Amino acid sequence: MGSRAEVLKLFRALHRTRQQVFKNDARALEAARQKINEEFRNHQDETSSERIAELMKIGSDVEFLLRTSVIQGLHTGSDSLMLIPRKDLLLDNVPYCDSPTRKL
């Protein structure tokens, strides 16, 4: 675990996710790009396989959270915000059922 190919795969996945999540927001795109590059640059000389595996886990968790939790907002007035969710974040609305169904 933690081979160079896997690290580069995670690096590219983070940048692809950044481009999808912060689409049309140049400031957020640039800030995310700088942060991703900075974190990889800070740890490029890491040699411990355990530490590399830990960093890979953190990176994949960050990619997952960005992909599943971040929604863009656009200021539409002095005190209002319009949310712009991505299609992959919209889920089918399943009604809640108080009583469990019985299996026969």
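Below you will find a few notes about this structure. (Residues numbered from 1 in each chain as written. Predicted model: local features only at pLDDT ≥ 70, side-chain atom pairs only at ≥ 80, totals over all residues. Heavy atoms only, no water.)

What follows deals with the packing of helix H1 (residues 4-21) against helix H2 (residues 26-42). In contact at an axis separation of 10 Å, H1 and H2 are set at 165° when each is read in the N-to-C sense. Of the possible angle classes, the one that applies to H1 and H2 is roughly antiparallel. Taken as a pair, H1 and H2 cross one another with a handedness that is right-handed. On H2, the residues that touch Val7, Leu10, Phe11, Leu14, His15, Arg18 and Gln19 of H1 are Leu29, Ala32, Arg33, Ile36, Asn37 and Phe40. By residue class, the composition of the contact of H1 with H2 is eight nonpolar, three polar and two charged. (Axes fitted to C-alpha atoms, helices over the stretch in contact; angles between N-to-C directions. Helix = DSSP H or I, 4+ residues; strand = E, 2+ residues; numbered from the N terminus. Parallel < 35°, antiparallel > 145°, perpendicular 65-115°, else oblique. Left-handed = near helix turned anticlockwise from the far one by under 90°. Contact = heavy atoms within 4.5 Å. Nonpolar A, V, L, I, M, F, W, Y, C, P; charged D, E, K, R; others polar.)

Next up on the list: H1. The end-to-end C-alpha separation of H1 is 26 Å, in line with the 26 Å expected for 18 residues at 1.5 Å each. Of the positions making up H1, those classed as buried are Leu10, Ala13, Leu14, His15, Thr17, Arg18 and Val21. Where H1 is buried, its residues contact H2, helix H3 (49-69) and strand S1 (72-75). (Expected span 1.5 Å × (residues − 1). Buried < 20%, exposed > 50% of the residue type's maximum accessible area, 1.4 Å probe, protein only.)

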